[in-house]
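Spelled out from the first residue to the last, the chains are:
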Amino acid sequence: MKLAGKTAIVTGAGRDIGAAVAIKLASEGADVAINYFSSARGADETVAAIKAAGGNAIAIQGDLNKKADVDALVSKTVESYGGVDVLVNNAGGLIARKTIAEMPVEHWEAVMSLNLTSTFLMTQACLAKMSSGTIVNLASQAGRDGGGPGAVAYATAKGAVMTMTRGLAKELGPDIRVNALCPGMIDTDFHNIHTPDAGRRGFEANAPLKRQGHVDDAANLVLFLACDDSAFITGTNVDLNGGMLFS
C-alpha cells in the first residue's frame, strides 16, 4: 500500500476526477476526507464505494471560497484521522464561457475565487497541520494554451495555479512536495456542460491516442505524484492530454 497510514483531503470530490482520485488514494491505504459543495449524493456514493472496498472515508460539505468552511474541513479531517499528509486541490470550474468584452467583473472574480483563491485557502490551512507530505493541484491545459472560446478567465486562473505550484515547491521543500496536473479533454461533466459534442469528436480524431481521457487516467497520475514513487519530483505541471499539446 503506497499511502498506508496517510490521510488525504480531496476537494471537489463529489464527482468525476475528484471522486476517482479519492477512490484511488483510498485503494492505496489512505484515509480520505472528501470535500463537496453541491454534489452530496456523489460524495456519499464515493464514501460508500471506498468503505465497501475496506477503506476509510468521510464526506464534508464546504464552500472553499469561504475561509470558515476551509478551516472546518481541515479541522474535521484532523479530528477524524489525526492529521493531513496529502492535499489534492481539485475544486474548480469554468462556470460559463464569456469573452472579455461581455464579461462582468463579478464573473471574473468568481472564476478566480473558485479556481485560485480556493487553492490558496486550502493550502494555507493544511500547512498548519502538515510537517511533511505532498500537495497535488489540478491546473489545466488551458493554463498552457489559453483555453477555448470564452475561457480566458478560467485559463488565467489555471495558469496562476501552475505558477503557484512552482512557487510553493520552492517555498515548502524539502519536506513538502508540490506538483500539478494539466488535464486536456477528460470525459467529465465539465465537457458535458461546456464543450459541444463536435469539439469532442474532433479531439478524438486529432489526438495521437485517438480518445478522450478517462477520470482514472487523472487519478493514476495524482496517485503517482502523491506517493513516494515521485520522490524526486516537485514543482512540475504534468501534461495529461493524449498528445494534443507538448510542453
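Everything quoted here is computed from the prediction, not taken from an experiment.

Caption draft 1: Inspection of the overall build of the protein at higher detail. Check the secondary structure of the protein and you find 9 helices and 7 strands. Radius of gyration (C-alpha) of the protein: 17 Å, near the 18 Å computed for a compact globule of 247 residues. Projecting the C-alpha coordinates of the protein onto the three principal axes gives extents of approximately 45 × 40 × 40 Å. Taking all 247 residues of the protein together, 49% fall into the buried category. In the protein, the proportion of contacts linking residues at least 24 apart, taken out of those at least 6 apart, comes to 72%. For the protein, the accessible area works out to roughly 11,000 Å², and carbon and sulfur atoms hold 54% of it.

Caption draft 2: Representation of unusual backbone geometry within the structure. Backbone torsion omega between G173 and P174 reads 5 degrees, so that peptide bond is classified as cis. One can find P174 in the loop between α6 (152–172) and β6 (176–183). In this structure, D16 is a non-glycine residue whose phi angle is positive, near 50 degrees. Topologically, D16 is positioned in helix α1 (residues 16–27). Of the residues examined, D16 reaches a relative accessible area of 24% and is grouped as partly exposed. Look at I95: it is not a glycine, yet its phi comes out positive at around 70 degrees. Position of I95 relative to the elements: it lies in the loop between β4 (86–89) and α4 (105–127).

Caption draft 3: Structural detail: the sheet that holds β6. Spatially, the 7 strands line up as an open sheet ordered β3-β2-β1-β4-β5-β6-β7, and their pairing is parallel. Looking along the sheet, the strands with just one partner apiece sit at the ends: β3 (57–61) and β7 (237–240). Going from strand to strand, the sheet's axes swing by 15 degrees on average, the running direction of each strand aside. One ladder, built from 4 bridges, connects strand β1 (residues 7–10) with strand β2 (residues 31–36); its direction is parallel. Counterpart to A8 in the pairing with β2 is V32. Most of the contacts of helix α2 (residues 40–52) go to β3, to which it runs at about 170 degrees, and overall it touches β2 and β3. On the sheet, helix α3 (residues 67–81) packs against β1, β2 and β3 and is oriented at approximately 160 degrees with respect to β3.

Caption draft 4: Main features of the packing of α1 against helix α9 (residues 215–226). Contact geometry for α1 and α9: axes closest at 8 Å, N-to-C directions at 50 degrees. Comparing the axis directions of α1 and α9 gives the class oblique. Regarding α1 and α9, the two cross each other, and that crossing is right-handed. Note on element contacts: α9 touches α1 through V215, D216, A218, A219, N220, V222, L223 and A226, opposite D16, I17, A20, V21, K24 and L25. Considered class by class, the residues forming the contact of α1 with α9 number 10 nonpolar, 1 polar and 3 charged.

Caption draft 5: Geometry of the environment of V88. Looking at the element boundaries, V88 is found in strand β4. What makes V88 buried here is its relative accessible area of 0%. Filtering out sequence-adjacent residues up to four positions away, V88 remains in contact with I9, V10, T11, V21, L25, V136, L138 and V222.

Caption draft 6: Structural context of the environment of G42. Here G42 shows up in helix α2. Judged by its relative accessible area of 15%, G42 falls in the buried class. Along the primary structure G42 and A59 are separated by 17 residues, whereas in three dimensions their C-alpha atoms are 9.8 Å apart.

Caption draft 7: Structural view of the environment of L181. Residue position: L181 is located in strand β6. You can call L181 buried: its relative accessible area is 0%. For the pair L181 and H214, spaced 33 residues apart in sequence, the C-alpha separation works out to 14 Å. The contacts of L181, once residues within four sequence positions are left out, are V136, N137, L138, A139, S140, A218, L221, V222, L225, V238 and L240.

Caption draft 8: Structural context of the confidence of the model for the protein. Taken over all residues, the pLDDT of the protein has a mean of 95, while the share at 70 or more is 97%. Averaged over each element, pLDDT in the protein is lowest for helix α7 (residues 189–194) (62) and highest for β4 (99).

Rules used throughout
Residues numbered from 1 in each chain as written. Predicted model: local features only at pLDDT ≥ 70, side-chain atom pairs only at ≥ 80, totals over all residues. Heavy atoms only, no water. Helix = DSSP H or I, 4+ residues; strand = E, 2+ residues; numbered from the N terminus. Rg over C-alpha atoms; globule rule 2.2 N^0.38 Å. Buried < 20%, exposed > 50% of the residue type's maximum accessible area, 1.4 Å probe, protein only. Contact = heavy atoms within 4.5 Å. Areas by Shrake-Rupley, 256 points an atom, 1.4 Å probe, with all protein chains shown as cover. Pairing = 2+ DSSP bridges. Axes fitted to C-alpha atoms, helices over the stretch in contact; angles between N-to-C directions. Parallel < 35°, antiparallel > 145°, perpendicular 65-115°, else oblique. Left-handed = near helix turned anticlockwise from the far one by under 90°. Nonpolar A, V, L, I, M, F, W, Y, C, P; charged D, E, K, R; others polar. pLDDT = per-residue confidence, 0-100.

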